[in-house]
There are 2 protein chains.
Amino acid sequence: MADSSTTPRRRGAERTRELLTVTLDLATEVGYRGLSVEAIAGRAGVGKHTIYRRWSSIAELLLDALSVVWVSDLDYRTSGPVRADLREQFVRSSQALSTPPIGPVYRAVIAEAQADPALRATLHERFLATVEQRTLDRITRAQREGQLVADVNLEFAAEVLCGTLYYRLLLTSRPVDEKAIDGLLDMFMAAYGVGEARS
Amino acid sequence: MADSSTTPRRRGAERTRELLTVTLDLATEVGYRGLSVEAIAGRAGVGKHTIYRRWSSIAELLLDALSVVWVSDLDYRTSGPVRADLREQFVRSSQALSTPPIGPVYRAVIAEAQADPALRATLHERFLATVEQRTLDRITRAQREGQLVADVNLEFAAEVLCGTLYYRLLLTSRPVDEKAIDGLLDMFMAAYGVGEARS
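Since the model is a prediction, treat every value here as computed from it, not as a measurement.

1. Structural notes on the packing of aromatic side chains
Residues and elements named next belong to chain A.
Next up, step 1: Evaluation of the coordinates by the stated rule reveals 10 aromatic pairs over all chains.
Next up, step 2: The interplanar angle of 85° and the centroid separation of 5.3 Å between the aromatic rings of Tyr106 and Phe127 together place this pair among those described as edge-to-face. Of this pair, Tyr106 sits in helix α6 (residues 102–113) while Phe127 sits in helix α7 (residues 117–144); the two residues are 21 residues apart in sequence, bridging distant segments of the chain.
Next up, step 3: Residue classification places Tyr106 among the buried positions, given a relative accessible area of 1%.

Here it is in structure tokens:
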């Protein structure tokens, strides 16, 4: 918890961060279905109203928690050629998605969302839409720099980059590994890269 | 049931087909979790051993049932240019995947498979591997005919074609519609089509 010397704004941000961390820890221990506002509030040492003031559901709270881990660990670099920067982020993402704390909890939320369209909307709005937008920003930058072909709307390409490997994760026993990532990037660069070799 | 004038082999095939139809009907009514070998056998008017002789689990039986619907309705054409044949099949698949009987049952199996790696393996082996192989066959044929660039391994491209739109289905509120299908085919043809316009 924040100590008394910090400002109210800072204390608020720290409390939010702590609640998200507690939520993720608890989700890892008890699973998505075992989460409750009571348990999260109890472990964080706050009243339930502190949680209800900020989040209207457990799902929103958990997805914000996943976003915080994701966003702090998994930003795109803009230092290299676009392919290298995409690859670097995809390798880190795929590792995060297949290991605790994100992996099992995230998979459980996705499963839960199949019977709950509102949760599916929340999953996309509070988490995946951000991932897609950052991907679109990164490849649009590359397009401006002349690394990708001009006059192509890259919005759907961003969705393909973010979404394709979920097929492996959710519907196969294949690993989301560097070979798969290279396969996806081969196709993306063959489609939109400038100066890519083609027959 | 088969009448007495048919051969044993034909009666076997008809009984299998009827069991698969009953399974799909019942799954549509009671959901994946509500299915039991007892209920399927009862409705089909056969003993449970008839089912156990052929399938080792409800999941395998259901996935074979989905395959039968899929395979009979959703084969690739080989009559047109590859893009048109892929598009025609994807439009039909996406409609089948989002409407009964396949839609809700299939989504429930996918959800169930997230907590059950063996079911995930069965889902891929008994259903999606076939879809991928047919897609690979169709685009390999197009490659042989000179519609797609030579000297490219299309195996991963087949996976991308089959898998990408599951992201929309499972993780967003966006429709798997013709615009999305065209977006995916734009990218595929930009990457591998012969004579596609590129900057």
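Text resumes after the structure shown.
2. Some remarks on the UniProt feature "DNA-binding region" (unreviewed entry) in chain A
Next up, step 1: With numbering matched to this structure, UniProt assigns "DNA-binding region" (unreviewed entry) to residues 36–55 of chain A.
Next up, step 2: Regarding residues 36–55 of chain A, the helix share stands at 65% and the strand share at 0%, and the terminal C-alpha atoms are separated by 13 Å.

3. Digging into empty space enclosed by the protein
Regions of empty space are outlined by a rolling probe, equal in size to a water molecule, passed over the atoms.
Next up, step 1: Counted by the stated rule, this structure contains 4 cavities of 30 Å³ or more.
Next up, step 2: Approximately 250 Å³ is the volume found for the largest cavity.
Next up, step 3: As for the largest cavity, its lining consists of 17 residues, and the residues nearest its centre are Ser93, Leu97, Cys162, Leu165 and Tyr166 of chain A.
Next up, step 4: In terms of residues, the lining of the largest cavity owes the most to one element, helix α5 (residues 82–97) of chain A, which gives 5 residues.
Next up, step 5: A breakdown of the residues in the lining of the largest cavity according to their chemical character gives 13 nonpolar, 4 polar and no charged.
Next up, step 6: By volume, the second largest cavity amounts to about 220 Å³.
Next up, step 7: What lines the second largest cavity is a set of 15 residues, and nearest its centre among them are Ser93, Leu97, Leu161, Cys162 and Tyr166 of chain B.
Next up, step 8: Counting residues per element, the lining of the second largest cavity draws most heavily on helix α5 (residues 82–97) of chain B, at 5 residues.

4. Description of the nonpolar core
Next up, step 1: Residues Tyr106 and Tyr166 of chain A together with Tyr106 and Tyr166 of chain B are the most contacted members of the largest nonpolar core, which totals 84 residues.
Next up, step 2: Those residues in contact with Tyr166 of chain A that lie beyond four places of it in its chain are Leu97, Tyr106, Ile110, Leu128 and Leu171 of chain A together with Tyr167 and Leu171 of chain B.
Next up, step 3: Counting residues in each nonpolar core, the second largest holds 54 residues, with Val160 of chain A together with Ala158, Met189 and Ala190 of chain B among its members.

5. Observations regarding the interface of chain B and chain A
Next up, step 1: Contacts between the two partners involve 43 residues from chain B and, on the opposite side, 43 residues from chain A.
Next up, step 2: At the boundary of chain B with chain A, total buried surface from both sides reaches about 3,800 Å², with 60% on carbon and sulfur atoms.
Next up, step 3: At the junction of chain B and chain A, the tally comes to 6 salt bridges.
Next up, step 4: Close ionic contact of Arg174 of chain B with Glu132 of chain A constitutes a salt bridge, the shortest N to O distance being 2.8 Å.
Next up, step 5: On the surface where chain B and chain A come into contact, there are 15 residue pairs in polar contact (both at pLDDT 80 or more).
Next up, step 6: Counting only elements with at least two residues in the side of chain B that touches chain A, the list comes to α6 (102–113), α7 (117–144), α8 (155–163), α9 (166–171) and α10 (178–192) of chain B.
Next up, step 7: Per-element tally for the side of chain B that touches chain A: the top contributor is α10 of chain B, with 10 residues.
Next up, step 8: Of the residues in the side of chain B that touches chain A, the class split is 25 nonpolar, 9 polar and 9 charged.

6. Thoughts on a positive patch on the surface
Next up, step 1: Taken together, the side chains of Arg11, Arg15, Arg53 and Arg54 of chain A define a basic patch exposed on the protein surface.
Next up, step 2: Following the sequence through the fold, Arg53 of chain A ends up in the loop between α3 (48–52) and α4 (58–73).

7. Things to note about the relation of the copies chain B and chain A
Next up, step 1: Relative to chain A, chain B is turned by 180° and slid 0.0 Å along the rotation axis, the superposed coordinates differing by an RMSD of 0.0 Å. In the structure described here, the two chain copies are related by an operation that fits a two-fold rotation axis.

8. Description of the domain arrangement of chain A
Residue and element names in this part refer to chain A.
Next up, step 1: Each assigned domain of chain A is listed with its residue range as follows: domain 1 (8–58) and domain 2 (66–192).
Next up, step 2: Centre-to-centre, using C-alpha coordinates, domain 1 lies 27 Å away from domain 2.
Next up, step 3: Counting from both sides, the interface comprises 8 residues of domain 1 and, opposite them, 10 residues of domain 2.
Next up, step 4: Carbon and sulfur atoms make up 73% of the surface buried where domain 1 meets domain 2, a total of about 840 Å² over both sides.
Next up, step 5: The three residues of domain 1 that bury the most area against domain 2 are Leu24, Thr28 and Tyr32, which together make up 61% of that side's buried surface.
Next up, step 6: For the pair domain 1 and domain 2, the interface holds 1 salt bridge.
Next up, step 7: For Glu112, the salt bridge is made with Arg33, and the minimal N-O distance between the two is 3.1 Å.
Next up, step 8: There are 1 residue pair in polar contact (both at pLDDT 80 or more) connecting domain 1 and domain 2.
Next up, step 9: Per-class residue counts for the side of domain 1 that touches domain 2 are 5 nonpolar, 1 polar and 2 charged.

9. Let's talk about the pattern of salt bridges
Residue and element names in this part refer to chain A.
Next up, step 1: As enumerated under the stated definition, the model contains 32 salt bridges over all chains in all.
Next up, step 2: The partner of Arg83 in a salt bridge is Asp182, and the shortest N-O contact between them spans 3.9 Å. Placement of the pair is Arg83 in helix α5 and Asp182 in helix α10 (residues 178–192), with a sequence separation of 99 residues.
Next up, step 3: Among the ionic contacts, a cluster of salt bridges with common partners joins Arg83, Arg87, Glu178, Asp182 and Asp186.

Scoring rules and cut-offs
- Residues numbered from 1 in each chain as written.
- Chains lettered and ligands numbered in written order.
- Predicted model: local features only at pLDDT ≥ 70, side-chain atom pairs only at ≥ 80, totals over all residues.
- Heavy atoms only, no water.
- Phe/Tyr/Trp six-rings, centres within 6.5 Å; stacked < 30°, edge-to-face > 60°.
- Helix = DSSP H or I, 4+ residues; strand = E, 2+ residues; numbered from the N terminus.
- Buried < 20%, exposed > 50% of the residue type's maximum accessible area, 1.4 Å probe, protein only.
- UniProt positions renumbered as here; feature names shortened; annotations may be inferred.
- 1 Å grid on protein atoms, 1.4 Å probe; cavity = no way out; pocket = protein on both sides within 12 Å on 5 of 7 lines; lining within 4 Å.
- Points joined across faces, edges and corners; volume = space filled by probe spheres on them.
- Nonpolar A, V, L, I, M, F, W, Y, C, P; charged D, E, K, R; others polar.
- Core = buried A, V, L, I, M, F, W, Y, C linked by side-chain atoms within 4.5 Å.
- Contact = heavy atoms within 4.5 Å.
- Buried area = accessible area lost by both parts, 1.4 Å probe.
- Salt bridge = Lys/Arg side-chain N within 4 Å of Asp/Glu carboxyl O.
- Polar contact = N/O pair within 3.5 Å; in protein donor to acceptor, adjacent residues only side chain to side chain.
- Patch = residues over 30% accessible without salt bridge, like charges linked within 9 Å, V, L, I, M, F, W, Y side chains within 5 Å.
- Areas by Shrake-Rupley, 256 points an atom, 1.4 Å probe, with all protein chains shown as cover.
- Lys, Arg positive; Asp, Glu negative; His and termini not counted.
- Charge placed at Lys NZ, Arg CZ, Asp CG, Glu CD.
- Least-squares fit on C-alpha atoms with pLDDT ≥ 70 in both.
- Domains from an automatic or database assignment.

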